[in-house]
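Inside the fold
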Amino acid sequence: MRDKILSKTKYIFFFFSFLISYLFLRKVSADETWSYGFSYNIASGLVPYQDFNMIVPPVFSFLFSIGLFFYKGILMFHIEQALLMVVICYLLEKLTKEKSVILIFLLILLPIVNGLPTYNTLCCCIVLALIYAEKRKAKDLEIGLLLGLILFTKQSIGFLILLCGCYLVKNDKERLKKRCLGVAIPTFFIFTYLLLAGNFNDFIDQCFLGMFEFSKNGESVAIWRPISIIVIWIAFLFYFRKQKYETEWIYAVAFYFICFPLFDLLHFLLGLFIILTAIIAHSDFLFNYHLEKFFLWLIILFPIGNMLVTLNAKGVYPNHIRNYEYRYLNPMEYHNAETLKEYSDNHLEEDIIILSSTSYIFKLSNHRRIEKLDLINRGNWGKDGTKKMIKAIQKKKSTLFLINKEELNYSTQTDKEVLKYIIKNGKRVDKVLYFDVYQLN
């Protein structure tokens, strides 16, 4: 009886461990802000792809907008993220039993090491759910539903996973039909929404045609390309040696392609995580009761230790920055938010657009409506995105454009051609923080 109670209550501790980890990250990442911002936009009544741009399908943003209908602060978004991680913990336990605590500890470390996972985390959850569903021989209709959900969470990796799900039943036409029917259900509802909302063409443009431009982003770090290729080869070798575990390995290898095309540390670690799950699930190393408890204590104490160290640093917590009250902001982030709010209050009659990855946090912490120009990453505007952005800028009258010229000199997803256009065709009228303020001539 005692063991049963402990097995249930530990998920409460997991929830708070992840929530503390996310709230006390020492830097607000662009991906964190965008992911929260997309869901915030939907909860605020904005139409994705039409009123604001995204390069991914809408499942993640719609799912995590639910809580934001009740409270729009980023605290609610992270509560939802922590709940998602609890679901992942449950699936890991089903797949790897007591050894799951090793993987859960790695997930606790991941955001602290390299920022917050976003829609990629939901993809990770769905892949684990697929592996578990295949393992327990769930109905093919259910598996098809999961395949459809991952397809509309991240289209590139989702398509590969979909092919794997169909390949596993290639010799059974009836099962294949049921899986296809399962995929068709979310496809029908999402396409119906897009058609009724009038943003179907924008969805195709940004999520599919825009991918070709997105792949040209200069974010990748050269070292992760060869490392990723080596891991892929090792995974394939394991697959051919362990074909009795075909289901786990085919999904794990397919998910590893999440590394493409950015080849950064975060995507590399996420792809590697599913492969590690498959390895640990079928490993024979001894794992006793004391080792399990040791990792459980690490899972609980590590986030608390990180929180205490973070709070010991200079900073204000909780703060009074709108929507970020319970998200730790380091001194520089807090100062920047305060300064930009003051600048915004002094220019209430003018439209302000920050042509940088920090634009969303500026809009979310002020009473200013988010629009498409608040995200000018390559690929996010679909085919010929640079021309579309410049055309949208040309229509802006009495607008103050804030530009960080340093972004021209280092690798970033921001479309540099747009920045160059403003500099060439605008007049510098002011400066705030590290931003030069321009108005078009």
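Here the structure is shown first, and the text comes after it.
Every chain is numbered on its own, with residues counted from 1 as its sequence reads. Since the coordinates come from a predicted model, pLDDT governs what is reported: local features require at least 70, and pairs of side-chain atoms require 80 or more to be given and counted, while whole-chain, interface and lining totals use all residues. The basis for every side-chain value is the complete set of non-hydrogen atoms in the structure, without hydrogens or water.

Remarks on the pairing of strand β4 (residues 435-440)
Within a regular strand, side chains alternate between the sheet's two faces. Taken together, the 3 bridges between strand β2 (residues 399-403) and β4 define a ladder with antiparallel strand orientation. The residue of β4 that forms the bridge with I403 is D436. A pair of strands is labelled paired if DSSP reports no fewer than 2 bridges between them. Comment: elements are numbered from the N terminus, with helices defined as DSSP H or I runs of at least four residues and strands as E runs of at least two. Linkage of strand β3 (residues 426-432) to β4, two consecutive antiparallel strands, is achieved through a turn of 2 residues, within which L433 is found at a positive phi near 55 degrees.

With respect to the nonpolar core
F18, I161, Y251, F255 and Y324 are the most contacted members of the largest nonpolar core, which has 106 residues in total. Sort the elements by how many residues they give to this core and helix α6 (residues 119-135) lands first, with 13 residues. In contact with I161, not counting residues within four places along its chain, are V127, L130, L147, I150, Y251, A254 and F255. Counting 16 residues, the second-largest nonpolar core is a separate cluster that includes I390, I393, I403 and V418. Here the nonpolar core consists of buried residues drawn from Ala, Val, Leu, Ile, Met, Phe, Trp, Tyr and Cys, with membership extended through side-chain atoms lying within 4.5 Å. Between buried and exposed lies partly exposed: a residue is buried under 20% and exposed over 50% of the maximum accessible area for its type, with that area taken using a 1.4 Å probe on protein chains only. Whether two residues are in contact is decided by their heavy atoms: any pair within 4.5 Å suffices.

Re the side chain of S39
Mapping S39 onto the fold places it in helix α2 (residues 30-43). Overall, S39 belongs to the buried group, its relative accessible area being 0%. Beyond its immediate sequence surroundings of up to four residues, S39 is in contact with F60, S61, F64, S65, L68 and F77.

Points about the pattern of salt bridges
Side-chain pairing between opposite charges can occur once the charged atoms of the two side chains come close. One speaks of a salt bridge when a side-chain nitrogen belonging to Lys or Arg is within 4 Å of a carboxyl oxygen belonging to Asp or Glu. Within the structure shown, the criterion is met by 16 salt bridges. Close ionic contact of K177 with E174 constitutes a salt bridge, the shortest N to O distance being 3.9 Å. With K177 and E174 both in helix α9 (residues 173-197), this residue pair falls 3 residues apart, about one helical turn. E417 serves as the salt-bridge partner of K420, at 3.6 Å between the closest nitrogen and oxygen. Here E417 and K420 lie together in helix α18 (residues 416-425), a separation of 3 residues that amounts to about one turn. Its relative accessible area of 43% is what places K420 among the partly exposed residues. E417 sits in the partly exposed class, given a relative accessible area of 40%. The structure contains a network of salt bridges with shared partners spanning E134, D140, R175 and R179.

Describing the packing of α6 against helix α7 (residues 140-151)
Lines fitted to C-alpha atoms define the axes here, with helix axes fitted over just the stretch in contact, and angles between the N-to-C directions of these axes take values from 0 to 180 degrees. The interhelical angle for the contact between α6 and α7, taken along N-to-C directions, is 165 degrees, at an axis separation of 10 Å. One element, α6, and the other, α7, form an angle in the roughly antiparallel class. Handedness of the α6/α7 crossing: left-handed. Taking contact as the criterion, the partners of C123, I126, V127, A129, L130, A133 and E134 in α6 are, on α7, I143, L146, L147, L149 and I150. Throughout, the ten residues Ala, Val, Leu, Ile, Met, Phe, Trp, Tyr, Cys and Pro are labelled nonpolar, Asp, Glu, Lys and Arg are labelled charged, and all others, Gly among them, are labelled polar. Within the contact of α6 with α7, the residues separate by chemical class into 11 nonpolar, no polar and 1 charged. Each angle is binned into one of four classes, with values under 35 degrees roughly parallel, values over 145 roughly antiparallel, values of 65 to 115 roughly perpendicular, and all other values oblique. Handedness of a crossing follows from how the near helix is turned relative to the far one, being left-handed for an anticlockwise turn of less than a right angle and right-handed for a clockwise one.

Details of the packing of aromatic side chains
Ring pairs are drawn from Phe, Tyr and Trp, using the six-membered ring of Trp, whenever the two centres fall within 6.5 Å, and their geometry is named by plane angle: stacked under 30 degrees, edge-to-face over 60, tilted for the rest. Summed over the entire model, instances satisfying the criterion amount to 24 aromatic pairs. Taking 5.5 Å as the distance between ring centres and 75 degrees as the angle between the ring planes, the aromatic pair formed by F188 and F189 counts as edge-to-face. The same class applies to F188 as to F189, namely exposed. Between F191 and F203 the ring centres are 6.4 Å apart and the planes differ by 65 degrees, which places this aromatic pair in the edge-to-face class. Of this pair, F191 sits in helix α9 while F203 sits in helix α10 (residues 200-214); the two residues are 12 residues apart in sequence, bridging distant segments of the chain. An aromatic cluster is present here, built from Y36, Y40, F60, F64, F77 and Y324 joined pairwise through their rings.

Describing the packing of helix α4 (residues 74-96) against α6
The geometry of α4 relative to α6 is characterised by a closest axis approach of 10 Å and an angle of 30 degrees between their N-to-C directions. By the angle between their axes, α4 is roughly parallel relative to α6. Classified by chirality, the crossing of α6 by α4 is left-handed. Across from L84, M85, V87, I88, L91, L92, K94 and L95 in α4, the residues of α6 making contact are T121, L122, C125, L128, A129, I131, Y132 and K135. In terms of residue class, the contact of α4 with α6 is built from 13 nonpolar, 1 polar and 2 charged.

Things to note about the sheet that holds β2
The sheet built from 4 strands is open, its strands ordered β1-β2-β4-β3 with mixed pairing. Sheet topology places β1 (351-354) and β3 at the edges, where each strand pairs with a single neighbour. Averaged over all pairs of adjacent strands, the angle between strand axes in this sheet comes to 30 degrees, irrespective of strand direction. The strands touched by helix α15 (residues 331-345) within the sheet are β1, β2, β3 and β4, with β3 carrying the most contacts at an inclination of about 125 degrees.

By themselves, these are just geometric observations and shouldn't be taken as functional.
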